[in-house]
Amino acid sequence: MGHLGRAAGDRARRTGTVAVVAAAAALCLAAPAGAAPADTTDDPPYSATTAVGVHNAYEKDKYPYFADALDSGASLLELDVWTNAFGSGWRVSHSNPFGNNNNCANAGSAADLRTNSRNQSLAGCLADLKAWHDAHPGHRPIVIKTELKDGFNGKGGRGPAELDALLTSTLGDALLRPADVTGGHATLDEAVRADGWPARSALAGTFVFELIPGTVEQNNPLDHLWTDREYATHLRDLAAAGNLKQAAAFPAVLNATAGDPRTRYTDAAIRPWFVFFDGDASTYVSSGIDTAWYDDRHYLLIMTDAQSVPPAIDGTHPTEEQAKARVAELATRHASFATADWYPLPSVLSSVLPRG
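The shown structure was predicted, so the numbers you read here are calculated from the model rather than taken from an experiment. (Residues numbered from 1 in each chain as written. Predicted model: local features only at pLDDT ≥ 70, side-chain atom pairs only at ≥ 80, totals over all residues. Heavy atoms only, no water.)

**Topic: the pairing of strand E8 (residues 300-304)**
In step 1: Of all 5 residues in E8, 5 are buried, a share of seventy percent or more.
In step 2: Pairing of strand E7 (residues 276-280) with E8, which is carried by 5 bridges, proceeds in the parallel orientation. Within E8, the residue paired with Phe276 across the bridge is Leu300.
In step 3: Where E8 lies against strand E9 (residues 337-340), 2 bridges are found, and the strand directions are parallel. Residue pairing across strands places Met303 opposite Ala338, the latter belonging to E9. (Buried < 20%, exposed > 50% of the residue type's maximum accessible area, 1.4 Å probe, protein only. Helix = DSSP H or I, 4+ residues; strand = E, 2+ residues; numbered from the N terminus. Pairing = 2+ DSSP bridges.)

**Remarks on the nonpolar core**
In step 1: The biggest cluster of nonpolar side chains holds 99 residues, and the ones touching the most others in it are Leu77, Phe207, Phe209 and Trp342.
In step 2: Broken down by element, the residue count for this core peaks at 6 residues, all from helix H4 (residues 122-135).
In step 3: If we skip the residues at most four places from it in the chain, Trp342 touches Ala306, Gln307, Ile313, Asp314, Gly315, Thr316, Pro318, Ala323, Arg326, Val327, Val348 and Leu349. (Core = buried A, V, L, I, M, F, W, Y, C linked by side-chain atoms within 4.5 Å. Contact = heavy atoms within 4.5 Å.)

**Digging into the state of the cysteines**
In step 1: The full count for this structure, using the stated rule, is 1 disulfide.
In step 2: Covalently, Cys104 is tied to Cys125 through a disulfide, its sulfur atoms 2.0 Å apart. Handedness of the Cys104-Cys125 disulfide follows from its S-S torsion of about 100 degrees: it is right-handed. Separated by 21 residues along the polypeptide, Cys104 in the loop between strand E3 (91-92) and H4 and Cys125 in helix H4 bring together distant segments of the chain. (Disulfide = S-S within 2.5 Å.)

**Considerations on unusual backbone geometry**
Glycine aside, residues mostly have negative phi angles, and peptide bonds mostly take the trans form.
In step 1: In the segment running from Pro310 into Pro311, the intervening peptide bond is cis, with an omega of -10 degrees.
In step 2: Its location among the elements puts Pro311 in the loop between E8 and helix H12 (320-332).
In step 3: The residue Asn119 is not glycine, and still its phi comes out positive at about 65 degrees.
In step 4: Within the element layout of this structure, Asn119 appears in the loop between E3 and H4.
In step 5: Accessibility expressed as a relative area gives 34% for Asn119, which makes it partly exposed.
In step 6: In this structure, His334 takes a positive phi of about 75 degrees despite not being glycine.
In step 7: If you trace the backbone, His334 turns up in the loop between H12 and E9.
In step 8: Residue classification places His334 among the buried positions, given a relative accessible area of 16%.

**Brief notes about the environment of Pro141**
In step 1: Turning to its location among the elements, Pro141 is positioned in the loop between H4 and strand E4 (142-148).
In step 2: Pro141 sits in the buried class, given a relative accessible area of 1%.
In step 3: Considered as a pair, Pro141 and Ala174 are 33 residues apart in the sequence and their alpha carbons are 9.6 Å apart.

**As for the packing of aromatic side chains**
In step 1: In this structure the tally under the stated criterion is 14 aromatic pairs.
In step 2: Taking the centre distance of 5.7 Å and the plane angle of 50 degrees together, the rings of Phe250 and Phe276 count as tilted. Separated by 26 residues along the polypeptide, Phe250 in strand E6 (residues 250-254) and Phe276 in strand E7 bring together distant segments of the chain. Accessibility assignment for this pair places Phe250 and Phe276 in one class, buried.
In step 3: Their ring planes at 90 degrees and their centres at 4.9 Å tell us that Trp293 and Tyr294 sit as a pair that is edge-to-face.
In step 4: For Trp293, a relative accessible area of 15% translates into the label buried.
In step 5: Every member of this aromatic cluster is reached through a ring pair, and the members are Tyr46, Trp197, Phe250, Phe276 and Phe337.
In step 6: In this structure, Arg118 packs its charged tip against the face of Tyr65, placed 5.2 Å from the ring centre. (Phe/Tyr/Trp six-rings, centres within 6.5 Å; stacked < 30°, edge-to-face > 60°. Lys NZ or Arg CZ within 6 Å of the ring centre and 35° of its normal.)

**Things to note about the packing of helix H5 (residues 160-171) against helix H9 (residues 227-240)**
In step 1: Interaxial distance between H5 and H9 falls to 10 Å at its minimum, and their mutual angle equals 80 degrees. It follows that H5 is roughly perpendicular to H9 by the angle criterion. Residue-level inspection shows Pro160, Ala161 and Asp164 of H5 in contact with H9, the latter providing Glu230, Tyr231, His234 and Leu238.
In step 2: Across the contact of H5 with H9, the residue classes break down as 4 nonpolar, 1 polar and 2 charged. (Axes fitted to C-alpha atoms, helices over the stretch in contact; angles between N-to-C directions. Parallel < 35°, antiparallel > 145°, perpendicular 65-115°, else oblique. Nonpolar A, V, L, I, M, F, W, Y, C, P; charged D, E, K, R; others polar.)

**Quick look at the side chain of His139**
In step 1: Checked against the element boundaries, His139 lands in the loop between H4 and E4.
In step 2: The exposure class of His139 is buried, given its relative accessible area of 6%.
In step 3: Every residue in contact with His139, bar those within four places of it in the chain, is listed here: Trp132, His133, Ala204, Gly205, Thr206 and Phe207.

Function-wise, these values are silent; they only describe arrangement.
Structure representation (structure tokens):
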């Protein structure tokens, strides 16, 4: 077991050995038809599997409460966060930049998950994660994909360090941190290429926060420091100061492009801090992109809008067979996560397949 496996194993033991074993047993893998298994062990590395995620899982028309999304079996759930000065705190909403519009309940315990008032801040969504986590020790590892709609707002007290502090104060040891991955290596890239990721069972009971730049900041001509570059720079600087343990999230390179998409960053020193990649499934599949490149290097690859890969299927209500076949196809295309709005299909959301 490598450095990350030992760290995650320590966390799993704190959670409880029995719960971890139960979680591992629940993650039985089914190979997609016609695909060679990416890993033949009963407990493959995290990067050797393909799982399923739900787009904008905080929306009430998908799940009445965020706890319902957590109960769905999905391995990735998405939050949209606003930070501008026109409202207070970290707001969770799709299109309201001034306030909260979501299914989070700011639960103090599991009993509050579906009884408290909704429309809470990011802190309230994190409280739900913690309450649900405490009630489900050894749960499947869950990526919380976080789109910062208008980017960080350091001047308003909503910068990378403040996000780290908020995540840490609420979730603590339930977080998988960049420092858990790097171990004795200099960067995330060096670590995952050398040692890979631990087994899924070793990550039982964890949340992994992935950060992407938001649609508003990407279209803001005055914003020249998007979330991905700002947080990667934050990681680089923390590591240089010996303080990487303070970091609580992973930046992702957004949008599917050929080759190594990190070359877009003019500061080469931040490139090795990206091991998450996130883009449109159709582009990855239809544009001749070598997605095995990500798999070979143990990078995590999120393919969004899985329903749109030709031939397109329904984005919300495909048949179970159609959705499972699409996930299986994207597994052969080396996706780590296939995401869509398939919230009515929990049997699909709980799927975990061999990658590659």
